[in-house]
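Survey of secondary and tertiary structure
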Amino acid sequence: MTFKTPDLCDEFETELGTTVRVVAPMFQRYGGRNSFSGEIVTLKIFEDNSLVREAFAEDGKGKVLVIDGGGSLRCALVGDQLAILAKKNGWEGAIVYGCIRDSGAINGIDIGVRALNTHPQKSIKKGVGDRNIAVTFGGVTFNPGEYLYADEDGVLVSSKTLC
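Now for a look at the structure at hand. Please read these numbers as outputs of a predicted model, since none were measured by experiment.

This part is about the nonpolar core. Of all hydrophobic cores here, the largest spans 25 residues; its most connected members are Val52, Phe56, Leu65, Ile67 and Val78. Among all residues touching Val52, those that are not within four sequence positions of it are Leu43, Ile45, Leu65, Ile67, Leu77, Val78 and Leu82.

Here we come to the packing of aromatic side chains. Taken as a whole and assessed by the stated rule, the structure comprises 5 aromatic pairs. On the basis of an interplanar angle of 70 degrees and a centroid distance of 5.5 Å, the ring pair of Phe56 and Trp91 is categorised as edge-to-face. Remark: Trp91 occurs in the loop between helix H3 (80-88) and strand E8 (93-100) and Phe56 occurs in helix H2 (residues 50-56); sequence separation between them is 35 residues. The class for Trp91 is buried, based on a relative accessible area of 1%.

In this section: H3. Burial in H3 covers these residues: Asp80, Leu82, Ala83, Leu85 and Ala86. Buried residues along H3 sit against H2, strand E7 (76-78) and helix H4 (103-106). Positive phi shows up at Gly90, right after H3, with a value of about 85 degrees.

Reading guide: rules and limits
Residues numbered from 1 in each chain as written. Predicted model: local features only at pLDDT ≥ 70, side-chain atom pairs only at ≥ 80, totals over all residues. Heavy atoms only, no water. Core = buried A, V, L, I, M, F, W, Y, C linked by side-chain atoms within 4.5 Å. Buried < 20%, exposed > 50% of the residue type's maximum accessible area, 1.4 Å probe, protein only. Contact = heavy atoms within 4.5 Å. Phe/Tyr/Trp six-rings, centres within 6.5 Å; stacked < 30°, edge-to-face > 60°. Helix = DSSP H or I, 4+ residues; strand = E, 2+ residues; numbered from the N terminus.

Structural data, given as structure tokens:
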């Protein structure tokens with residue numbers, strides 16, 4: 001699927017505003033895909049990536065994992081092994097409100113990733129967190145089952161498919 005987020009913003013602007021929600025420009029681009037889109041699956045975790053592994057182990061065809069890591073800059077929530085697992089299981093990409101590691105390796109994997117930054121330390125593994133709940137960061141609420149579009153110009157969320 002080919003799209004440009006500026007074009008989607010223009011096309012879906014209405015007299016009452018817009019049908020798309022624009023995430024604040026806070027993320028760095030990683031992964032081998034400059035653009036990706038899909039149905040949102042959410043995780044709310046804090047410095048524990050156990051649920052990320054569980055999610056990426058499932059079929060992710062047509063889906064984007066949105067990880068609310070509380071904005072923590074103290075450890076990484078996604079590394080190269082998880083990115084490989086995500087690619088293997090068909091995930092389109094991930095938005096990480098937190099850090100990743102192994103960014104050089106992740107940049108060579110055909111998956112889209114947006115994260116606040118990188119951090120070399122791994123997370124703890126206690127299996128704590130929530131899945132498929134509404135999460136809010138970057139001025140936007142991400143609801144499971146909605147749709148996310150990310151490219152070089154930004155990240156958009158919509159309650160319906162746009163293209």
